[in-house]
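# What the coordinates show
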There are 2 protein chains.
Amino acid sequence: MAGLQNTLNQPQLYRDEHLFIDFHQQAAVLDSQRMTLTRKEYDLLALLVRHAGEIVPREALLMRVWGYGSEIRTRTLDVHIRRLRKKLGVYADQYIETIFGIGYRFQPFHAPRFAQSTPEGRPLAVSA
Amino acid sequence: MAGLQNTLNQPQLYRDEHLFIDFHQQAAVLDSQRMTLTRKEYDLLALLVRHAGEIVPREALLMRVWGYGSEIRTRTLDVHIRRLRKKLGVYADQYIETIFGIGYRFQPFHAPRFAQSTPEGRPLAVSA
DNA sequence: CCCCTTTTTACAAAGCTTTTACAACTTCGC
DNA sequence: GCGAAGTTGTAAAAGCTTTGTAAAAAGGGG
């Protein structure tokens, strides 16, 4: 698999064509430019990237990044997603997908996308 | 034989010549292309496919997918069936049969079809 | 205080579901 | 066969929920 692994068997690194993340140093680099992320922005990005290719439900994000239980109603996740996307620049929509009604998914840069065969319908399948 | 079975003895997978469904991941693939289904569309398709070859009465579908009792009058089932058929493309009519006055039946791709002037196949129990 | 980060608020936009209205079809009695 | 009554197909609109966005408010560390 991808990055070197530590004793907890968690990758220490993520790397694709444009994005590089060092989970140990908690640093992200986009096209050779260091991203300046706030703590929450980094935590959110890191969590998504560690689960690259998988849908991460809103609930899970709110729990693991904010410690919020499902009873808390907040829009702060949306706002942080937006700021992350802004900092991801032109790749934003390719990297961070919205799974309507469920959560978000980080996709490695060249991950195969399942194209849309039907004229209507939106870019994502259901999953939980 | 069908897919692997979990501890509840429900198949986890469905597969035929064109359609593949992973009930655990709640994802459907048609001719190697992931179908983009909304939640209700997936629930409806999954219920029909789990009972492949059997007639599933409208009442049962409305109860199990929508939680509607028999007193509720709605056309939303018809509309969802239509959208499913659209997304099933050219196989639509082969996969989803209308059993007039009773309900619908999902047929595996190469299943032999019998005349349906006298609908056979045991209906699914309506009770929850 | 000041600056930076985080959260909330309010509204806009997008997505999904349901209803509505009418066309097409099936069944059944005549 | 024919017509009536009921059922299903279909397209479009309405309704509701979720997400995007900008701006203001709230927190927190120096």
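Residues numbered from 1 in each chain as written. Chains lettered and ligands numbered in written order. Predicted model: local features only at pLDDT ≥ 70, side-chain atom pairs only at ≥ 80, totals over all residues. Heavy atoms only, no water.

### Some remarks on the protein's contact with DNA strand C
- The full set close to DNA strand C counts 25 residues, and Thr38 and Thr74 of chain A together with Thr38, Trp66 and Thr74 of chain B are the nearest of them.
- Counting only atoms of DNA strand C within 4 Å of the protein, the fraction found in sugar and phosphate groups is 66%.
- Taking threonine 74 of chain A, its side chain carries an N or O atom lying 2.4 Å from a phosphate oxygen of DNA strand C.
- Elements supplying a minimum of two residues to the surface near DNA strand C: helix H1 (39–50) and helix H3 (76–87) of chain A together with helix H1 (39–50) and helix H3 (76–87) of chain B.
- Classifying every residue of the surface near DNA strand C gives 8 nonpolar, 8 polar and 9 charged. (Near = heavy atom within 4 Å. Polar contact = N/O pair within 3.5 Å; in protein donor to acceptor, adjacent residues only side chain to side chain. Helix = DSSP H or I, 4+ residues; strand = E, 2+ residues; numbered from the N terminus. Nonpolar A, V, L, I, M, F, W, Y, C, P; charged D, E, K, R; others polar.)

### Things to note about the sheet that holds strand S3 (residues 27–30) of chain B
Residue and element names in this part refer to chain B.
- An order of S1-S2-S3-S4 is seen for the 4 strands of this open sheet, with the pairing classed as antiparallel. Taken across any chain shown, the strands that pair with only one partner, and hence form the sheet edges, are strand S1 (13–15) and strand S4 (33–34).
- Bridge analysis of strand S2 (residues 19–22) against S3 gives 4 bridges, and the strand direction is antiparallel. Considered in S3, the bridge of phenylalanine 20 is made with valine 29. (Pairing = 2+ DSSP bridges.)

### Points about the confidence of the model for chain A
Residue and element names in this part refer to chain A.
- In this model, chain A carries a mean pLDDT of 85, and residues with pLDDT of at least 70 account for 80%.
- Confidence, read as mean pLDDT per element, is least for helix H4 (residues 92–95) in chain A (93) and greatest for H1 (98).
- Long-range and interchain partners of residues 114–128, a stretch whose pLDDT sits below 50, account for 48 contacts in this model, where long-range means more than four residues apart. (pLDDT = per-residue confidence, 0-100. Contact = heavy atoms within 4.5 Å.)

### Comments concerning the packing of helix H2 (residues 58–66) of chain A against H3 of chain A
Residue and element names in this part refer to chain A.
- One way to put it is that H2 packs onto H3 with a least axis distance of 11 Å and a crossing angle of 85 degrees. Between H2 and H3, the interaxial angle falls into the category roughly perpendicular. Only Thr76, Leu77, Asp78 and His80 of H3 make contact with H2, whose side of the interface consists of Arg58, Leu61, Leu62 and Trp66.
- Looking at the contact of H2 with H3 residue by residue, the classes come out as 4 nonpolar, 2 polar and 2 charged. (Axes fitted to C-alpha atoms, helices over the stretch in contact; angles between N-to-C directions. Parallel < 35°, antiparallel > 145°, perpendicular 65-115°, else oblique.)

### Section: the pairing of strand S3 (residues 27–30) of chain A
Residue and element names in this part refer to chain A.
- Linking strand S2 (residues 19–22) back to S3 in an antiparallel pair, the connection comprises 4 residues, with glutamine 26 at a positive phi of about 55 degrees.
- Where S3 lies against strand S4 (residues 33–34), 2 bridges are found, and the strand directions are antiparallel. Across the sheet, residue valine 29 finds its bridge partner in S4, namely arginine 34.
- If you look at the hairpin formed by S3 and S4, you'll find 2 residues sitting between the two strands, and aspartate 31 has a positive phi there, around 50 degrees.

### A look at the protein's contact with DNA strand D
- Surveying the vicinity of DNA strand D reveals 23 residues, the closest of which are Arg82, Arg85 and Tyr104 of chain A together with Arg82 and Tyr104 of chain B.
- Between arginine 85 of chain A and DNA strand D, the recorded distance is 2.6 Å, taken from a side-chain N or O atom to a phosphate oxygen.
- Note that a phosphate oxygen of DNA strand D is positioned 2.6 Å from one of the side-chain N or O atoms of tyrosine 104 of chain A.
- Those elements giving two or more residues to the surface near DNA strand D turn out to be H3 and strand S6 (96–99) of chain A together with H3 of chain B.
- Partitioning the surface near DNA strand D into residue classes produces 9 nonpolar, 4 polar and 10 charged.

### Thoughts on unusual backbone geometry
- The phi torsion at glutamine 26 of chain A lies on the positive side, around 55 degrees, for a residue other than glycine.
- Mapped onto the elements of the fold, glutamine 26 of chain A is located in the loop between S2 and S3.

### Re the environment of glutamate 59 of chain A
- By secondary structure assignment, the location of glutamate 59 of chain A is in helix H2.
- In this structure the C-alpha to C-alpha distance between glutamate 59 of chain A and glycine 103 of chain A, which are 44 residues apart in sequence, comes to 7.8 Å.

### Digging into the packing of aromatic side chains
- Overall, the coordinates contain 10 aromatic pairs over all chains when judged by the stated rule.
- With 5.5 Å between their ring centres and 85 degrees between their planes, tyrosine 14 of chain A and phenylalanine 106 of chain A make a pair best called edge-to-face. On the criterion of sequence distance, the pair formed by tyrosine 14 of chain A in strand S1 (residues 13–15) and phenylalanine 106 of chain A in strand S7 (residues 103–106) is long-range, its members being 92 residues apart.
- For tyrosine 14 of chain A, a relative accessible area of 9% translates into the label buried.
- Their ring planes at 55 degrees and their centres at 5.8 Å tell us that tyrosine 95 of chain A and phenylalanine 109 of chain A sit as a pair that is tilted. Of this pair, tyrosine 95 of chain A sits in helix H4 while phenylalanine 109 of chain A is found in the segment after S7, placing the two residues 14 residues apart along the sequence. As far as the burial class goes, tyrosine 95 of chain A and phenylalanine 109 of chain A line up, both buried.
- The structure contains a cluster of three or more aromatic residues connected by ring pairs, namely Tyr14, Tyr91, Tyr95, Phe106 and Phe109 of chain A.
- Across the ring face of phenylalanine 23 of chain B, the terminal group of arginine 50 of chain B is positioned such that the distance to the ring centre comes to 4.2 Å. (Phe/Tyr/Trp six-rings, centres within 6.5 Å; stacked < 30°, edge-to-face > 60°. Buried < 20%, exposed > 50% of the residue type's maximum accessible area, 1.4 Å probe, protein only. Lys NZ or Arg CZ within 6 Å of the ring centre and 35° of its normal.)

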